[in-house]
Amino acid sequence: LYTAIYTAAFERKMSQVRVEDVEYAANELRKKLWRPLNQQDKDALFTVFKENDHPSKGQLAPLFRILALLEYENDELWYDVNPLLWQFFEKPSHV
């Protein structure tokens with residue numbers, strides 16, 4: 001994320017990073033995560049988004065590799081969709 005933010009500021013020939021640079025970088029990363037997903041991936045991620053768990057850990061390995069799906073451990077393991085993708089699942093009609 002840092003590299004994307006820095007690049008956005010650099011391309012605009014800015015010496016300081018602005019909110020617009022952060023928003024631009026987050027949007028670029030969001031698109032890179034979302035575009036390769038097929039409908040089955042999106043459905044699986046929506047399930048994780050709702051339940052913080054996923055039913056078929058083996059089938060979702062590619063989603064872990066591209067960081068669309070994240071694993072956390074706070075006394076127990078739980079899962080969540082990358083926060084960059086949350087906006088797609090907050091209104092499921094977009095999925």
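Attention in this report is confined to the structure presented alongside it. A quick note: this is a predicted structure, and the numbers were derived from the prediction, not measured.

Okay, the nonpolar core next. In this structure, Trp34, Leu45, Leu63, Leu69, Val81, Leu85 and Phe89 are the most contacted members of the largest nonpolar core, which totals 18 residues. With four residues, helix 3 (residues 39-51) is the largest single contributor of residues to this core. Those residues in contact with Trp34 that lie beyond four places of it in its chain are Lys42, Leu85, Phe88 and Phe89.

It is worth spelling out helix 3 at this point. Between its first and last C-alpha, helix 3 extends 18 Å over 13 residues, near the 18 Å set by a 1.5 Å rise per residue. Contact partners of the buried residues in helix 3: helix 2 (19-34), helix 4 (61-65), strand 1 (69-73), strand 2 (77-81) and helix 5 (86-90). Of the residues flanking the start of helix 3, the one acting as N-cap is Asn38, its side-chain oxygen 3.0 Å from the backbone nitrogen of Gln40. In the segment just after helix 3, Asn52 is the residue with positive phi, at about 55 degrees.

This model, assessed by the stated rule, comprises one salt bridge. Where Lys31 meets Glu28, a salt bridge forms, and the shortest distance between an N and an O atom there is 2.9 Å. With Lys31 and Glu28 both in helix 2 and three residues apart, this pair spans about one turn of that helix.

Calculation rules
Residues numbered from 1 in each chain as written. Predicted model: local features only at pLDDT ≥ 70, side-chain atom pairs only at ≥ 80, totals over all residues. Heavy atoms only, no water. Core = buried A, V, L, I, M, F, W, Y, C linked by side-chain atoms within 4.5 Å. Buried < 20%, exposed > 50% of the residue type's maximum accessible area, 1.4 Å probe, protein only. Helix = DSSP H or I, 4+ residues; strand = E, 2+ residues; numbered from the N terminus. Contact = heavy atoms within 4.5 Å. Expected span 1.5 Å × (residues − 1). Polar contact = N/O pair within 3.5 Å; in protein donor to acceptor, adjacent residues only side chain to side chain. Salt bridge = Lys/Arg side-chain N within 4 Å of Asp/Glu carboxyl O.

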